[in-house]
Amino acid sequence: MTAKERTDPVEGATDGSSDLYDIATWEERSSLDGLAVAIYRLLSASARWGLILLAFLLLVGIGGFSALTDPAIGLLTVLSAIPALGLAAYVYATDITTDEPLTLLVVTFLLGVLTANFAAVLNGIAQPYFRPLQFLGTVLFFFLVVGPIEETVKLLAVRLYAYGDDSFDAVLDGAVYGAMAGLGFAFIENALYITQNVGAAPGELDLGLGLVGMGGGITAVRALAGPGHVIYSAFAGYYLGLAKFNPEHRGPIVIKGLLIAAAIHATYNTTVGIGAGLFDLAFGALGIPTFGGLLAFFAYVVVYDGVFGLLLLRKINRYRAAYRSAHAGAGVPRT
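Residues numbered from 1 in each chain as written. Predicted model: local features only at pLDDT ≥ 70, side-chain atom pairs only at ≥ 80, totals over all residues. Heavy atoms only, no water.

The name given to the protein chain in an unreviewed UniProt entry is PrsW family intramembrane metalloprotease, with Halorarum salinum as the source organism.

A. Region of interest: the pattern of salt bridges. Considering all chains together, one arrives at 3 salt bridges under this definition. The partner of Arg29 in a salt bridge is Asp19, with the nearest N and O atoms 3.0 Å apart. Within this pair, whereas Arg29 is found in the loop between helix H1 (9–12) and helix H2 (31–61), its partner Asp19 is found in the loop between H1 and H2, the two being separated by 10 residues in sequence. In this structure, the salt-bridge partner of Glu27 is Arg29, at a minimum N-O distance of 2.7 Å. Connected via shared salt-bridge partners are Asp19, Glu27 and Arg29. (Salt bridge = Lys/Arg side-chain N within 4 Å of Asp/Glu carboxyl O. Helix = DSSP H or I, 4+ residues; strand = E, 2+ residues; numbered from the N terminus.)

B. Structural view of the packing of aromatic side chains. This model, assessed by the stated rule, comprises 12 aromatic pairs. Counting every residue linked through ring pairs, the aromatic cluster contains Tyr268, Phe279, Phe283, Tyr300, Tyr304 and Phe308. Of note, Lys154 hangs over the ring of Phe185, and the distance from its end group to the ring centre comes to 5.4 Å. The positively charged end of Lys244 is found above the aromatic ring belonging to Tyr163, 5.2 Å away from the centroid. (Phe/Tyr/Trp six-rings, centres within 6.5 Å; stacked < 30°, edge-to-face > 60°. Lys NZ or Arg CZ within 6 Å of the ring centre and 35° of its normal.)

C. View of the packing of helix H9 (residues 250–285) against helix H10 (residues 294–326). For the pair H9 and H10, interaxial distance at closest approach is 8 Å and the crossing angle is 135 degrees. As far as their axial angle goes, H10 and H9 are oblique. In terms of crossing hand, the pair formed by H9 and H10 is right-handed. Taken together, the residues of H10 that come into contact with H9 (itself represented by Ile264, Thr267, Tyr268, Thr271, Val272, Gly275, Ala276, Phe279, Asp280 and Phe283) are Leu295, Ala296, Phe297, Ala299, Tyr300, Val301, Val303, Tyr304 and Phe308. Within the contact of H9 with H10, the residues separate by chemical class into 15 nonpolar, 3 polar and 1 charged. (Axes fitted to C-alpha atoms, helices over the stretch in contact; angles between N-to-C directions. Parallel < 35°, antiparallel > 145°, perpendicular 65-115°, else oblique. Left-handed = near helix turned anticlockwise from the far one by under 90°. Contact = heavy atoms within 4.5 Å. Nonpolar A, V, L, I, M, F, W, Y, C, P; charged D, E, K, R; others polar.)

This is the structure:
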């Protein structure tokens, strides 16, 4: 018997003609019931807004808000986010069901920006404990901390708002909103990395040619790293969508999605330096300039993200094929 079919023994043994209110069933009837419902809704909303407020305060505390409001850093961040934005838009375009409201997409993006700060703080707290183990510690840090935490906070961005909306009405919507959360995460992460690596405080840069010289390299690197976040969280988001429509197995389904996303994420973090180094050696042997290793890094990221991007697309296409089959002859809202 599934959770959907479960009933109390009293309710199960009756024909439905008896009033079992407050005995084996419940609905809002009395003023006390109404008060209980109102308090529950208030607490739920307070918890949601409390998390959002805390995330905003963390954003301010770690300097992210200053980075986003500085025109120079903002320009570099926007440029670095273009590949991730393109990938998120592609995932959105694959949604064969119904169009997702722009407001929900924007809110999910902004929540991705905010919840990223939880990961920044938690990663910073945990990292010193892994340093004594050197390379092994780094690998463990990626797999036990960075991957799980960052994918969880991105999924939280979806769960806080879009998940409960009526527009989230298909499994595939989870991948769309997951991709938007990943885009938001990549955006603020890029802003922080660019701020730290440009080597100037917000407000000290200009928008001239010097900006490109100072920030161009790190912007290119962050642009290549951004699409990965979209891919990882689209995987996790897909399983969040699957969980929404299979509530009897919700927990394990969500965990499965997080395990997949975290593993892909952590493997990338672990192997990107080695992989780029191997490409650098190969290009060097062929006499191909790598422009300070940037071309080698680009090659590895394209291969890695390409593999998992294709796996994500395969999963999406399986859903699209099933949707078309189920609606054959009846017409579909989107193609």
